[in-house]
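Geometric and topological summary
Okay, here's what each chain looks like letter by letter:
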Amino acid sequence: MNKVELINAIAEKAGMTKVDAKKALDAMIDVAKAELNNGGKIALVGFGTMAATERPARKGHNPKTGKAINIPAKKVVKFKPAANLI
């Protein structure tokens, strides 16, 4: 399911226009980005929890040449689904 299909499904399920559903989805995405960028977490009961974590720098290798490379530290989002999600 892509974003357009999700907007259409939200609009149909909630009985709202596609424009309003798009605004709601965009607002949710903006709020989630802001919270995760500030190191917070988002817990949605029945869906799951998203949290930003720091992945430390590490050494790796280029599989094509075998040469050692340094992989920098970065922030990643981890998602833990709710037990009853599926």
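Residues numbered from 1 in each chain as written. Predicted model: local features only at pLDDT ≥ 70, side-chain atom pairs only at ≥ 80, totals over all residues. Heavy atoms only, no water.

Regarding the overall build of the protein chain
Looking only at helices and strands, the protein chain features two helices and five strands. Taken from N to C terminus, the helices and strands of the protein chain fall in the order α-α-β-β-β-β-β. Computed over the C-alpha atoms, the radius of gyration of the protein chain is 18 Å, more than 25% above the 12 Å expected from 2.2 N^0.38 for a compact globule of 86 residues. With the principal axes as the frame, the protein chain shows a C-alpha extent of 55 × 25 × 25 Å. Residues classed as buried in the protein chain amount to 14% of the 86 residues present. Within the protein chain, residue pairs in contact and separated by at least 24 positions form 31% of the contacts whose partners lie at least 6 positions apart. Of the accessible surface of the protein chain, which amounts to about 7000 Å², a share of 61% is contributed by carbon and sulfur atoms. Charged side chains of the protein chain number 16 positive and 7 negative; the gap between the two group centres comes to 13 Å. (Helix = DSSP H or I, 4+ residues; strand = E, 2+ residues; numbered from the N terminus. Rg over C-alpha atoms; globule rule 2.2 N^0.38 Å. Buried < 20%, exposed > 50% of the residue type's maximum accessible area, 1.4 Å probe, protein only. Contact = heavy atoms within 4.5 Å. Areas by Shrake-Rupley, 256 points an atom, 1.4 Å probe, with all protein chains shown as cover. Lys, Arg positive; Asp, Glu negative; His and termini not counted. Charge placed at Lys NZ, Arg CZ, Asp CG, Glu CD.)

Re the pattern of salt bridges
If charged atoms from side chains of opposite charge come close, those side chains can pair. Following the criterion strictly, the structure yields two salt bridges and no others. With a closest N to O distance of 2.7 Å, Lys3 and Asp26 form a salt bridge. Of this pair, Lys3 sits in helix α1 (residues 3–14) while Asp26 is found in helix α2 (residues 18–37), placing the two residues 23 residues apart along the sequence. Residue Lys22 is joined to Asp26 by a salt bridge in which the shortest nitrogen-to-oxygen separation is 2.7 Å. Of this pair, Lys22 and Asp26 are both found in helix α2, four residues apart, which corresponds to roughly one turn of the helix. (Salt bridge = Lys/Arg side-chain N within 4 Å of Asp/Glu carboxyl O.)

Structural notes on the pairing of strand β2 (residues 48–55)
As paired elements, strand β1 (residues 41–44) and β2 share four bridges and run antiparallel to each other. Of the residues in β2, the one forming a bridge with Ala43 is Thr49. Between β1 and the antiparallel strand that follows it, β2, lie three residues; Gly46 among them carries a positive phi value of about 85°. (Pairing = 2+ DSSP bridges.)

Notes on the packing of aromatic side chains
In the structure shown here, the tally under the stated rule is one aromatic pair. Ring geometry for Phe47 against Phe79: centres 5.4 Å apart, planes inclined by 50°, an arrangement best described as tilted. Of this pair, Phe47 sits in the loop between β1 and β2 while Phe79 sits in strand β5 (residues 74–81), and the two are 32 residues apart along the sequence. (Phe/Tyr/Trp six-rings, centres within 6.5 Å; stacked < 30°, edge-to-face > 60°.)

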